[in-house]
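Here is how the chains run, residue by residue.
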Amino acid sequence: LKSSTAAGERRHTQEKNMQLSEAKTGHSYIVETIDLPFEMQRHLEALGMTDKTPVSVLNRKGKGILIIKLRGTRFALGYNVTKSIGVSEADGCE
């Protein structure tokens, strides 16, 4: 019983901390980290993507392009950007 609980907690933790590129369509997440070159990171911050910002994944297009909703505006981000943004699942939001 303890081992299955530990495995369940481990699985829950793995699902909580992921890259935006792994996010599921229709779910909401909280931005935890942005690990991009300085200028790109500053550009995303100017658009409103900062730590603890909620984002919703609206759709996936083509080869890794993710359509997200950030502060009421839709953005398309490529795989090279989304793989560098760490997120956690937003509680109670799907």
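Cut-offs and rules
- Per chain, residues are indexed from 1 in the order of the written sequence.
- A pLDDT threshold of at least 70 governs which residues receive local features in this predicted model, and a stricter bar of 80 or more applies before side-chain atom pairs are shown or counted, although totals over entire chains, interfaces and linings include all residues.
- Side-chain figures throughout are based on the complete set of non-hydrogen atoms in the structure, without hydrogens or water.
- Here a helix means four or more residues in a row that DSSP labels H or I, a strand means two or more in a row labelled E, and each is numbered from the N terminus.
- For every residue, the accessible area (1.4 Å probe, protein chains only) is compared with the maximum for its type, and the residue is labelled buried under 20%, exposed over 50%, or partly exposed between those bounds.
- Contacts were defined at the residue level, with two residues in contact if any of their heavy atoms lie within 4.5 Å.

J.: Let's hear about the overall build of the chain: which residues, and what values?
T.: Each helix and strand in the chain was counted, giving three helices and six strands. Along the chain direction, N to C, the helices and strands of the chain fall in the order α-β-β-α-β-β-β-α-β. Each of the 94 residues in the chain was classed as buried or not, and the buried ones make up 33%. Across the chain, every contact between residues at least 6 apart in sequence was considered, and the portion connecting residues at least 24 apart equals 59%.

J.: Which residues make up unusual backbone geometry, and what are the values?
T.: In this model, lysine 52 sits at a positive phi of 70°, which is unusual for a non-glycine residue. Mapped onto the elements, lysine 52 comes out in the loop between helix 2 (38–46) and strand 3 (54–61). In the Ramachandran plot, arginine 71 falls in the positive-phi region, its phi being about 55° despite a non-glycine side chain. Take arginine 71: it is sitting in the loop between strand 4 (65–70) and strand 5 (73–77). A relative accessible area of 57% places arginine 71 in the exposed class.

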